[in-house]
Amino acid sequence: MAQAVPDQESPPPLSDKEIQEIIVTGTLLRGVAPAGSETVSLNAQAITAVGANSTAQLLASVPQTASFNAAPIVSAVSSSQITINRPNLRNLPGASGGGSSTLVLVDGHRLPGMGVRQTVPDPDAIAPGAIERVEIVLDGGSSIYGADAVGGVINFITRKRFDGIEARGRYGVADDYQSVNADVTVGKTWDALSVYASYNYAWHDSLYGRDRDYVRRLDYTSGLPFDLTCGAGNVSIGSTVYALPGLTAGSGNRCDVSDNRTFYPSERRHSVFTGLSFDDGGPVTFDVRAFYMNRVNKGDGGPVTATATIAPINPFVPGTVFNPYYRNTGDANSFQAQSVSMDFSSLLGEHTRQSTRLETWGVTPTLTADLGSGWQLRWLGNYGRGRSEVANEKIDDGTLSTLVLTGNFDPYDLSNPANAAVLPLISNFLDYGLGKNEMLNTRVVVDGSLAHLPGGDVKIAAGGEYSYEKYQSRIDGTVSASAVDDMPFNTASRRIAALFGEVQVPVFGQENRTGGFYSLSLSASGRYDHYSDFGGTFNPKFGVTYEPFDGLKLRGTWGKSFQAPSLADGADAAPATIFAFPFILFANPNVAPQPGQAQIFLGGGGNDLKPQKATTWSLGFDIAPPSLPGFLATLNYYNIRFKDLIDIPPVFNPSTFYSLFTNNYVMNPTIAQVNALASQVPDGLAAVSPYTVVPGQVYSIADGRRTNLAAVNTDGLDFSLAYDQPTGFGSVYTQINGNYVLNRKEQAVAGAGFVDTVKAQTRFILSTTLGAAFGNLRAQATWRHLGGWNVAPLASNLNQSKVKAFDTINMFAQYDFKGSGAMKDLSLTFNVDNLFDKDPPVYNGSLNSLDGYAVTSIGRVFQFGISKKF
């Protein structure tokens, strides 16, 4: 399923030897496609037409990715959020975990992990100028590649040889927004040796909520802004709101805090990719690639805001010590505890800096040796590191709450001179996270022809692989900026050894074709992986490709895949923590709490995590009639059964947690049960000691550590149509690519029933392009469609039952100069994204109409580009 028309100036055709040497994604065998699997390809021309300013944005043009038609950006407003652009084919679950169900490769090599709480590669690590094409296999691939290839495999194929200089630049502009993207590739090729280096610089500025009308935080039932942490502040007692400074009952001082916050932070990225290839025609060839990327995203959290509780008496001091700052409402709520909402802009300024920094590098040598008689040995080496850091300015909310409760901070009047003495105790803090990933990988593959059959050569491959992974983290939701360097590291590591093999048998082919059997190819592959932390797993796969006649291809696959537990999800990297609250945070609907009871939660990484396993199968066909050159139609059905998904038990969703997760909590525990839970955490017994004096003090204890919980069953259709028709003036072409989810059922915990969720998500995605080539000019328009989805009609969302579809039109034009001198190999491009400046669809029940990780739209963007080869 191609995503672009063929290049108008195609390179010379490959020789038979070169074709035999090509290794495509999804197979260990040279010169053959993976039997039965569906593949999406983005060639150089498609990459140019998309006009993406990052590799993550390029992937967002593929309908099978969860980020389709989005503007992917890292927007980590806390250290616990996603700090990388993580591809997700098939929109499989796992957004909150540290791993990924989509495998990302570069020239068949894994990338080092990245992220603060993640150990997943970020595709932006690859400089765009080095990419020759992208191959995406939409099928399970663990029988070939091992872990993570559940939803599919994305393989970035880079340039092998380059001679000359190529420079490209692009400038983008939209309302309140600019972007710059520039790269240069320099290389030299001799008879046996070729070297090149590609450098890319990318930058764009930030967008605030006030810059886009569709970014808002509203109480849709009243039409008023939602936030109370603004202006002079507010006091809340139950549902009653009192506006400060006069404690006036009513709607309060309302504002939309998103106006002064960035929803699309700025980005600056430097990336370098280098390649060296040696081939003197002898039996041994050598290639080595190296990359480096540094990316910084900067956001603005707006003014510091907070909410704290003030009571008429100090709850931490025995007796009735009156809080000197407490103000009585003088009505039925007199002498009740109050929740005070505060805006610290008068003391700490209008801005809080937020930054997410990612740095990664790697080296991937490959040595190939011709063993004779068509056999070949390939050795692939790989070493790389990733470093990710989140540092967001904040105040120490815990200390502030204590100061307010104990009468040492006036929450009603922040300018009270008495507050100045304790302000240093809560200011200059960070929500901080640092993650370091290291990877060492080496692989050996031997492949060749085992026998010759009338249908062709029986090809076989076998090999072994060894990997070492290490992850270190420093994470704290609230830490003094001066104490960051003193934070200890939590470390997790593991070793992986694997054996694998693949065979492909051409039953019918060129020498024995007959009626109804133009070609038939069968394949089988299998891989055994042994992990030092959880043990072994074996994953087989079988495929068939059958052509009853030239122009019709039928295919199918069945296999098993797995996703290894991320090192970031385990207890070594995320030690258990305990949270003891002197009140009831989330009550069991079936058990009434007693006055004065406490509630205790255990959090952190999981112990003895198992791999997440999937069974996948697919059926499809391709139609490419010889009588209709340039035409290709495909249809593919896929089916995924994904189980043992790693997640956090929903301790903060009482109706689900207390009904389904009965093994994760104890109601009205004994003192012994409380101590048994607390003993699993350093200093845990001290944390719960105030609540183990007499029996009955604790309402519930709950274990919220990560564990293997859920499952999802999903199936759907991929479809495409491409037709390129030559004309008297050039050509006209069309491409249609799409995905439709037939079914999706999710299970919260093993043993529970499956819930149908297919209508609660976008299930129909479509990309349609119509274009034409007129001599040196190529122009096209692309319609991108994201289907709507159902929502539960409630009073809070004004009984809205459906979120509408989102449709955009993108335009692209390219003019290639064919002259000599300065005009030779000069090209100009023009892109318009979201031509009609469509806003994302509105959901009345959401405080913010944007998805915090995949911004659906930044509005209409114009981009002007130029490229020149020397």
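The model shown is predicted, which means the values in this text are computed figures rather than measured ones.

Attention now moves to the sheet that holds strand 4 (residues 109-110). Spatial ordering of the open sheet is given by 1-5-6-3-4, a layout of five strands whose pairing is mixed. Edge strands, defined here as strands with exactly one partner in the open sheet, are strand 1 (39-42) and strand 4. Direction of pairing for strand 3 (residues 102-106) relative to strand 4: antiparallel, over a ladder of two bridges. Paired with V106 across the two strands is H109, which belongs to strand 4.

If you walk across this open sheet you meet the four strands as 29-30-34-33, and the pairing is mixed. For this open sheet the edge positions go to strand 29 (577-581) and strand 33 (665-667), each flanked by a neighbour on one side alone. Across the sheet, the axes of successive neighbouring strands diverge by a mean angle of 10 degrees, strand direction being ignored. Looking at chain direction, strand 29 and strand 30 (residues 598-603) are connected through five bridges and run antiparallel. What sits directly across from F579, in strand 30, is F601. On top of the sheet, helix 10 (residues 671-678) reaches strand 29, strand 30, strand 33 and strand 34 (698-703); it is set at about 35 degrees to strand 34, its chief contact.

The biggest cluster of nonpolar side chains holds 33 residues, and the ones touching the most others in it are I126, V134, I136, I154, F156 and F273. For this core, the elements supplying multiple residues, two or more each, are strand 1, helix 2 (44-50), helix 3 (55-59), strand 3, strand 5 (131-137), strand 6 (152-158) and strand 18 (284-300). Excluding residues within four positions of it along the chain, I136 makes contact with E38, T39, V40, L42, L59, V62, L89, V153 and I154. In this structure, V304, I310, I395 and V422 belong to the second largest nonpolar core, which totals 24 residues.

Right, let's get into the side chain of D139. When you line up the elements, D139 lands in the loop between strand 5 and helix 4 (142-145). Separated by 2.7 Å, the side chains of D139 and T557 make a polar contact. Once residues within four sequence positions are removed from consideration, D139 is found in contact with S37, A149, V150, G151, G152, V153, K541, T557, T616 and S618.

A few words now on unusual backbone geometry. Here the bond from L244 into P245 is cis, since omega is 15 degrees, no more than 30 degrees from zero. Here P245 is to be found in the loop between strand 14 (240-243) and strand 15 (248-250). For D683, which is not glycine, the phi torsion reads 65 degrees and is therefore positive. Considering the arrangement of structural elements, one finds D683 in the loop between helix 10 and helix 11 (684-688). Classification of D683 as exposed rests on a relative accessible area of 68%. One non-glycine residue, N834, lies in the positive phi region at around 55 degrees.

Cut-off values and rules
- Residues numbered from 1 in each chain as written.
- Predicted model: local features only at pLDDT ≥ 70, side-chain atom pairs only at ≥ 80, totals over all residues.
- Heavy atoms only, no water.
- Pairing = 2+ DSSP bridges.
- Helix = DSSP H or I, 4+ residues; strand = E, 2+ residues; numbered from the N terminus.
- Axes fitted to C-alpha atoms, helices over the stretch in contact; angles between N-to-C directions.
- Contact = heavy atoms within 4.5 Å.
- Core = buried A, V, L, I, M, F, W, Y, C linked by side-chain atoms within 4.5 Å.
- Buried < 20%, exposed > 50% of the residue type's maximum accessible area, 1.4 Å probe, protein only.
- Polar contact = N/O pair within 3.5 Å; in protein donor to acceptor, adjacent residues only side chain to side chain.

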